[in-house]
Amino acid sequence: MKLILAIIQDKDSQQLQEKLVKGGFRATQLPSTGGFLKAGNCTFIIGVEEEKVDEALAIIKKNCHTRSQYVTPTFLMPEAASSLAEPIEVQVGGATCFILPVDKFVRF
Ligand code: 2BA
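Residues numbered from 1 in each chain as written. Predicted model: local features only at pLDDT ≥ 70, side-chain atom pairs only at ≥ 80, totals over all residues. Heavy atoms only, no water.

Chemist: How should the side chain of S32 be read in this particular structure?
Modeler: Among the structural elements, S32 can be located in strand 2 (residues 27-33). At 2.8 Å, the side chain of S32 and the side chain of T43 are in polar contact. Apart from residues lying up to four places away in sequence, S32 is in contact with A39, G40, N41, C42 and T43. (Helix = DSSP H or I, 4+ residues; strand = E, 2+ residues; numbered from the N terminus. Polar contact = N/O pair within 3.5 Å; in protein donor to acceptor, adjacent residues only side chain to side chain. Contact = heavy atoms within 4.5 Å.)

Below, the structure written as structure tokens:
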């Protein structure tokens, strides 16, 4: 068994949850916060059989979209607050996924 940790944007979480359930996957959603933007995002914990990992990743890929977000450099560098810094564009998502081995899985 494997554990997929998928960090996605809040906007995609409902659709992803629905599609995972439809595909026969069990998932848990945790609210999380990105270290760079300090904005809310969503972390899915999905326990899957090894042979189904690619199927789950395909669902995540299909339902999680890349979006542009603007950050003011002053947010990143407070010392530059007085300069006339323009907002910069960063591409966020679709999904950042970690696939971990699971030693043991039990459900009571
Ligand atoms: P954030 O840390 O808020 O990052 C949001 C977006 O800002 C990133 O999108 C990336 O485009 C940009 N970014 C992040 N750190 C940067 C840096 N040091 N310099 C320049 N640009 C930077 P994504 O890469 O799609 O990441 C989306 C979210 O996934 C992240 O939100 C974070 O919560 C999570 N994440 C990404 N990589 C991770 C990692 N290696 N470990 C743990 N969480 C990660």
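Chemist: Help me out: how do you make sense of the environment of G40 in this one?
Modeler: Structurally, the position occupied by G40 is in strand 3 (residues 40-48). The sequence separation of G40 and Q9 amounts to 31 residues, and the corresponding C-alpha distance is 7.9 Å. Every residue in contact with G40, bar those within four places of it in the chain, is listed here: D10, S32 and T33.

Chemist: Can you help me understand the site of the ligand in this one?
Modeler: Taken together, I7, G34, G35, F36, L37, N41, Q91, V92, G93, T96 and F98 are the residues near the ligand. N41 places a side-chain nitrogen or oxygen 3.0 Å from an oxygen atom of the ligand. T96 is positioned such that a nitrogen or oxygen atom in its side chain is 3.4 Å from an oxygen atom of the ligand. Notes on the ligand: free accessible area 750 Å², of which the protein chains cover 51%. Looking at the shell around the ligand, the elements that each hand over two or more residues are strand 5 (88-92) and strand 6 (95-101). Residue classes in the shell around the ligand are distributed as 5 nonpolar, 6 polar and no charged. (Near = heavy atom within 4 Å. Areas by Shrake-Rupley, 256 points an atom, 1.4 Å probe, with all protein chains shown as cover. Nonpolar A, V, L, I, M, F, W, Y, C, P; charged D, E, K, R; others polar.)

Chemist: Mind showing me how you'd approach the sheet that holds strand 6 here?
Modeler: Neighbouring strands of a sheet are bound in pairs by backbone hydrogen bonds; such pairs are parallel or else antiparallel. Here 4 strands make up an open sheet; going across it, the order is 2-3-1-6 and the pairing antiparallel. In this open sheet, the two edge strands, each paired with only one partner strand, are strand 2 and strand 6. Within this sheet the neighbouring strands show an average axis-to-axis angle of 20°, counted without direction. Of the strand pairs in this sheet, strand 1 (residues 2-8) and strand 3 are connected by 7 bridges, and their pairing is antiparallel. Following the sheet pairing, L5 is matched in strand 3 by I45. Against the sheet, helix 1 (residues 10-22) engages strand 1, strand 2 and strand 3, with an angle of about 20° to strand 3. (Pairing = 2+ DSSP bridges. Axes fitted to C-alpha atoms, helices over the stretch in contact; angles between N-to-C directions.)

Without other data, these values stay purely geometric and don't point to any function.
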